[in-house]
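Topology and contacts: notes
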Amino acid sequence: MDQMTNALRGEGIALSFGGIKVLKGLDVDFRAGEITGLIGPNGAGKTSLFNCLTGAYSPQKGTISYAGQPLNGLPPAARAARGIVRSFQHVALCPDLTVRENVMMGLARTGTAGWLSAFLPLPRGRQERSDMARAADAALADLGLPDVGDRHPGELPPGMQRLVEIARAVVGKPSVLMLDEPAAGLNNAETQDLTAALRKLVSPDLVMVVVEHDMDLVMSICDRIYVLNFGEFVAVGSPAEVRSNPDVIRIYLGSDEDE
Amino acid sequence: MSDQVSHMPSPPSALSRLSGLATPGVTAVVLVTLLLFLPALLGGSWTFTLGLCFANSIGVLAVSLLVRYGGEVSIGHTFFTALGAYSVGVLDTRYGISLWASVPLALVLGVAFGLLFAWPSRNLHGIYLAVTTLALALAVPEMINNFDGLTGGYEGLYVATPFLPGVDMGAQRYYVALAMLVLVCFAVARLRLSRQGMALLLAKTHPAAADAFGTRRVWARISVMGISGGVGALCGATLAFSGSTVSPGGFTFWQAIFLLVGSVVSFYGLSLPRVLIGGAFVTLVPQLLSASGAWIPVLYGLALLGMILIGHYMPRIRKALNRNRETG
Amino acid sequence: MTVWDSLLYDLFPLIWSGMITGCLYALGALGLVMIFKCSKVVNFSHGNVAGLTAFLVYGLSSGVLMSLSWGAAVLVAMLAAVAIAFLIYSIISPVVFESDLTSTIATLGFGLIAQGVTLLMFGADIVALDLPIPRFAFSVLGLFVTGYDLTVLAVAIVTIGALFIVIDYTKLGIAFRAISENPFAAEVCGLNLRSVHYFAWITAAILGVIGALLIVPTTFLSVTTVATFMLQAFAAAVIGGFASLPGALVGGVLIGILMNLFTFYVSPEYSSTFLLGVILVALNIFPNGILQKVGGSRV
Ligand SMILES: Nc1ncnc2c1ncn2[C@@H]1O[C@H](COP(=O)(O)OP(=O)(O)OP(=O)(O)O)[C@@H](O)[C@H]1O
Ligand SMILES: [Mg+2]
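Residues numbered from 1 in each chain as written. Chains lettered and ligands numbered in written order. Predicted model: local features only at pLDDT ≥ 70, side-chain atom pairs only at ≥ 80, totals over all residues. Heavy atoms only, no water.

Defined as follows: UniProt positions are given in the numbering used here, feature names are shortened, and annotations may be inferred rather than shown by experiment.
Where an unreviewed UniProt entry is consulted, chain B appears under the name Branched-chain amino acid ABC transporter permease, with the organism given as Primorskyibacter flagellatus. As stated in UniProt under Subcellular location (unreviewed entry), the record for chain B gives "Cell membrane".

Within an unreviewed UniProt entry, the label attached to chain A reads ABC transporter ATP-binding protein, and the organism entered is Primorskyibacter flagellatus.

Printed below as a string of structure tokens:
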């Protein structure tokens, strides 16, 4: 029952933009200790659901809770403070920061050094920076990027940038980790590294949700899969159940999936 | 993102890393050493002008800070420089209190008013914020003249209390400005390494990402305004001391634009050499052209345009050259 | 009784004259908004260029440069304004497509140059530049109405009417609206962004000249008169949402009246501070301008 309490839940999440219903009353129950997959064709509303859960969008209807505590109305930063963290489908790294510093931003919410240390070389701020840098380097190494810390994101190929983005999400030891298309743009070797790293991350306290178009990856790592189409779930279940669901087959054969 | 001011060539960090010796720190130390001995070689009037250069450099830095860390452009920084200058001027002439107390006061006031202005304008971006800062700049001379009991109105104030009693005043005006500039540049360089500074940079380029990692964009905007306002006030305080007079003429709307021109001319740089270029431009152009005042706006305008067009075409030219080199 | 008197003798005339100046602010604001709507640039050179052209009218008609008739001088100045607008846009157009903020800063550069050129050509002196209009005045319902008032009102109505007709019915005007709505889609549909931008910049310049010529008789002409006047136009544009032509019109009249009331009832010394306050308040209550409904599902 421990797993149930640490779940990220949504009930009746409905979101529309100017009359267009993007999410039509979704119920989700993302459990800790599992990897949950969220799949569906382009424009199904996967990213929008993430945005609702992290607070970037405020859904018109529905409740969202983590570990039994309601999250509705909390701004994204407050949700981040509770360890709810995400990666972005369109890589959102800061070009002015080095790769290591970008990853360090995943720890920003844990920082305690005040403004004085921001302007003066006080031991507190230095200590904080070196601690964060060490954690960032470790996170990068876990994802197979040990030597790029001093480079700038723009100098890296797109696949590596995406891994950096993921490193930033995982470095802060989140309690909910939502990855939006983590394998998009990765080559085979990088996808292998990513798969291994994600498997290693699984822990009884971590809720992990992965939006992904790479079916092999989804089917191999996910414990449960939600299939979204036009803002509605058409199937929920284990990879085997989802794979054999006629509706899912129809959706995927009907559209040009598989990128 | 078409509304980012990010088309200026970035500092040649790769180059300086390659040549090993000329790291930004070393360059700054060499430069400061040079500046320390300059008054011995120059006459009094040049020393005085250089002091003003340093002060204006701090103002240019304040504007560039807002661009680099906030992605926003201000055409109203004379509000903050005036705040700092009158803190020094008023405490000096009315109460005989020297920089020891008036500089901290200027800093506090600058930060406080930066925050105060940032709050109602926290949701404004790009040109909307720029126009609002413009209104801020316009309100400045009016406020100064209306508080003439305190500010001396049109006549202004004369700052004469030494910072270090017994030391030659001309030297003080130079070295205090230099020290302020170096300190501010140092603090700003530290900011780049701090958690807060990095969060500001992330919030500038990807506000949604910053939000998702615990940095609220409103916090970012307000902090950046506070910092920039504080630095702006320090510029004003230094101007008051090194320039010895504080009067409304120094804080007109045009002066605010000149600060922005200085910032553009220095390619929004935050390092000591860069801001010195901007400050020197703002200070020296009017001095050199003082005989033919009408040319000053023309020259400023041309410099502004020139730098923007260079910033626009430089990357292209460089790319074309590189391509030629690769093929040739 | 006294309340009624003060209403009659202070408030109504204040509102009337505020509305007259407001029409002029609106002319300035319309130009700024036209440029902003399609090219996303705030043209800070608007006031100084209009000021330069007003000086050209003065120079050409007073004998300083030439002794043309007033009408001929205005025609030449208009042509000059069009040429300047064309030149400015041509120089910054590559930057316009890259960053609107950088190109906005570039217009500050042109503003400085225009100011310098005015100083170089005409010096820093104050000159008088009047309109060749019949001088008469009468009062209706306690309002003192002058020939100047009526001229301003007539010119403003005709100009703004013409502008809206051009935008609504001509090919360029329709392209202008399409591009303002969605530049990308409009370009895909084969509309030429650049020619529409030129249209907006040139129209704005003409509006600027008209506004400048009409405002100058109320004060005098100096290097900064028109630039200062245009700052009110900025406020008007901001209040109207900066991207709405009717908004600019309403904003202009509103600013005219508010400034008049403030100067009279509160203090003439804090008018810029008041303007700052108005802008801040307006932008917070109506982030998209007074004519736009608040709301929508923004995050
Ligand atoms: N801010 C917004 N304003 C208007 N419409 C939006 C907004 N965000 C998303 N939408 C619409 O919501 C729908 C779902 O978009 P969403 O990005 O969530 O899809 P997705 O499942 O993530 O697709 P993809 O696989 O392409 O990433 C789309 O039709 C999109 O146009
Ligand atoms: Mg998506």
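Having put the structure on the table, let's press on.
Topic: the overall build of chain B
For the record, the criterion: Helix and strand definitions here come from DSSP, where helices need a minimum of 4 consecutive H or I residues and strands a minimum of 2 consecutive E residues; each element is numbered from the N-terminal end. Radius of gyration: C-alpha atoms only; globule rule: 2.2 Å multiplied by the number of residues to the exponent 0.38. Each residue gets one of three labels from its accessible area relative to the maximum for its type: buried under 20%, exposed over 50%, partly exposed in between, using a 1.4 Å probe on protein chains only. Whether two residues touch is decided by their heavy atoms; if any such pair falls within 4.5 Å, the residues are in contact. Only the protein chains shown count as cover for residues, and the accessible areas themselves come from Shrake-Rupley with a 1.4 Å probe. Counted as positive: Lys and Arg. Counted as negative: Asp and Glu, with His and the chain ends omitted from the count. Where a charge lies is defined by one atom per residue type, namely NZ (Lys), CZ (Arg), CG (Asp) and CD (Glu).
The number of helices and strands found in chain B is 14 helices and two strands. The C-alpha atoms of chain B give 20 Å as radius of gyration, which agrees with the globular expectation for 328 residues (20 Å, within 12%). Seen through its principal axes, chain B has C-alpha atoms that stretch 65 × 50 × 40 Å. Burial statistics for chain B: of 328 residues in total, 57% are counted as buried. Partitioning the intrachain contacts of chain B with sequence separation of at least 6 by distance along the chain shows that 80% fall at a separation of at least 24. Carbon and sulfur atoms form 71% of the exposed surface of chain B, whose accessible area is close to 13,200 Å². Each charge sign in chain B was given a centre, from 18 positive and 9 negative side chains, and these centres are 17 Å apart.

Thoughts on empty space enclosed by the protein
Residues and elements named next belong to chain C. For the record, the criterion: Using protein atoms alone on a 1 Å grid, points that fit a 1.4 Å probe yet trap it form a cavity, whereas open point sets bounded by protein on both sides within 12 Å along at least five of seven lines form a pocket; residues with an atom within 4 Å of a point count as lining. Grid points are joined across faces, edges and corners, and a volume is the space filled by probe spheres set on the points. Note that Gly is not counted as nonpolar here; it falls among the polar residues with everything else outside the nonpolar set of Ala, Val, Leu, Ile, Met, Phe, Trp, Tyr, Cys and Pro and the charged set of Asp, Glu, Lys and Arg.
A full pass over the atoms with the stated rule returns six cavities of 30 Å³ or more. Counted as a void, the largest cavity has a volume near 120 Å³. Lining the largest cavity are 14 residues; nearest its centre among them are N43, H46, V49, A85 and A205. At the level of elements, α2 (46-62), α3 (70-96) and α8 (193-215) are the ones that each hand at least two residues to the lining of the largest cavity. By residue class, the composition of the lining of the largest cavity is ten nonpolar, four polar and no charged.

Structural notes on the side chain of R162 of chain A
Residues and elements named next belong to chain A. Put simply, the rule is: Whenever Lys or Arg places a side-chain nitrogen within 4 Å of a carboxyl oxygen from Asp or Glu, that contact is recorded as a salt bridge. Polar contact criterion, stated in full: a pair of N or O atoms within 3.5 Å, where within protein one must be able to donate a hydrogen and the other to accept it, and residues adjacent in sequence count only if both atoms are side-chain atoms.
Assignment of secondary structure puts R162 in helix α7 (residues 158-170). Within the buried set, R162 has no salt-bridge partner at all; the shortest N-O distance to an opposite charge, 6.2 Å, is to E181. Among the polar contacts listed, one links the side chain of R162 to the backbone oxygen of E181, at a separation of 3.0 Å. Apart from residues no more than four positions distant in its own chain, R162 is found in contact with F88, Q89, V91, D180, E181, P182, A183, A184 and L186.

A few points about the sheet that holds strand β4 (residues 61-66) of chain A
Residues and elements named next belong to chain A. Short version of the rule: The pairing criterion is simple: DSSP has to find at least two bridges between the two strands.
Spatially, the four strands line up as an open sheet ordered β2-β1-β4-β5, and their pairing is antiparallel. In this open sheet, the two edge strands, each paired with only one partner strand, are β2 (20-30) and β5 (69-70). Of the pairings in the sheet, the one linking strand β1 (residues 8-17) to β2 comprises eight bridges and is antiparallel in character. Across the sheet, the residue bridging to L8 is F30, located in β2.

Let's talk about the domain arrangement of chain B
Residues and elements named next belong to chain B. To keep things clear, this is the line we draw: Note: domain ranges come from an automatic or database domain assignment. Buried area is understood as the total, over both parts, of accessible area removed when two parts are fitted together, assessed with a 1.4 Å probe.
Domains assigned within chain B are domain 1 (24-159 + 168-288) and domain 2 (294-323). Its C-alpha centre places domain 1 at a distance of 25 Å from the equivalent point of domain 2. Listed by partner, the interface residues are nine residues for domain 1 and nine residues for domain 2. Across the domain 1/domain 2 interface, buried area totals approximately 890 Å², and carbon plus sulfur atoms make up 89% of it. At the junction of domain 1 and domain 2, the tally comes to zero salt bridges.

Digging into the interface of chain C and chain B
Taken together, the 41 residues of chain C in the interface contact 48 residues of chain B. On the chain C side of the contact with chain B, E98, L101 and L112 of chain C bury the most area, a combined 17% of that side's loss. For the pair chain C and chain B, the interface holds one salt bridge. For the salt bridge of E98 of chain C with R316 of chain B, the shortest nitrogen-to-oxygen distance reads 2.3 Å. Summed over the shared surface of chain C and chain B, the result is seven residue pairs in polar contact (both at pLDDT 80 or more). Elements with a contribution of two residues or more to the side of chain C that touches chain B: α3, α4 (100-122), α9 (225-239) and α11 (271-285) of chain C. It is α4 of chain C that contributes the most residues to the side of chain C that touches chain B, 16 residues altogether.

Thoughts on the environment of F44 of chain C
Position of F44 of chain C among the secondary structure elements: in the loop between α1 (2-39) and α2. For the pair formed by F44 of chain C and V33 of chain C, sequence separation is eleven residues and the distance between their alpha carbons is 12 Å. Not counting the four nearest positions on each side in its chain, F44 of chain C is found in contact with I75, V131 and L134 of chain B together with T104, T107, L108 and F234 of chain C.

Looking at the coordination of the magnesium ion (ligand 2)
Formally: Only N, O and S atoms count as donors, using a 2.8 Å limit from the metal and a wider 3.2 Å limit for Na, K and Ca, and since water is excluded some coordination spheres may look unfilled.
For the magnesium ion (ligand 2), the protein coordination sphere consists of T47 of chain A (OG1) and Q89 of chain A (OE1), at 1.9 to 2.1 Å. On the criterion of sequence distance, the pair formed by T47 of chain A in helix α2 (residues 46-54) and Q89 of chain A in the loop between β6 (84-86) and α4 (99-104) is long-range, its members being 42 residues apart.

Comments concerning the side chain of S64 of chain B
Residues and elements named next belong to chain B. Here S64 is to be found in helix α3 (residues 44-70). There is a polar contact of 2.9 Å between the side chain of S64 and the side chain of S263. The residues touching S64, leaving out its near neighbours within four places in the chain, are S263, S266, Y268, G269 and L270.

Structural notes on the packing of aromatic side chains
Just so we agree on the cut-off: Working definition: a ring pair exists when centres of Phe, Tyr or Trp rings (six-membered ring for Trp) sit within 6.5 Å. Plane angles under 30 degrees give stacked, over 60 give edge-to-face, the rest tilted. Geometrically, a charge over a ring is one whose NZ (Lys) or CZ (Arg) sits within 6 Å of the ring centre while staying within 35 degrees of the ring normal.
Counted by the stated rule, this structure contains 28 aromatic pairs over all chains. Between Y86 of chain B and F251 of chain B, the aromatic rings sit 6.0 Å apart at their centres with planes inclined by 55°, giving tilted as the arrangement. Taken as a pair, Y86 of chain B in helix α4 (residues 78-95) and F251 of chain B in the loop between β2 (245-246) and α12 (253-265) lie far apart in primary sequence, 165 residues in all. Take Y86 of chain B and F251 of chain B: they sit in the same class, and that class is buried. Geometry around F88 of chain A places R86 of chain A over its ring, the cationic atom sitting 4.4 Å from the centre. Across from the ring centre of W119 of chain B, 3.9 Å away, lies the NZ or CZ of R122 of chain B, which sits over that ring.

Some details on the site of ligand 1
Residues and elements named next belong to chain A. In plain terms, the rule: Here, proximity means that at least one heavy atom of the residue falls within 4 Å of the molecule or strand.
Close to ligand 1 lie 13 residues; G43, K46, T47, S48 and Q89 are nearest. Residue N42 places a side-chain N or O atom 3.0 Å away from an oxygen atom belonging to ligand 1. For ligand 1, the protein covers 62% of the area, taking 630 Å² as the surface of the free molecule. With three residues, the single largest contributor to the shell around ligand 1 is α2. Here the shell around ligand 1 is composed, by residue class, of four nonpolar, seven polar and two charged.

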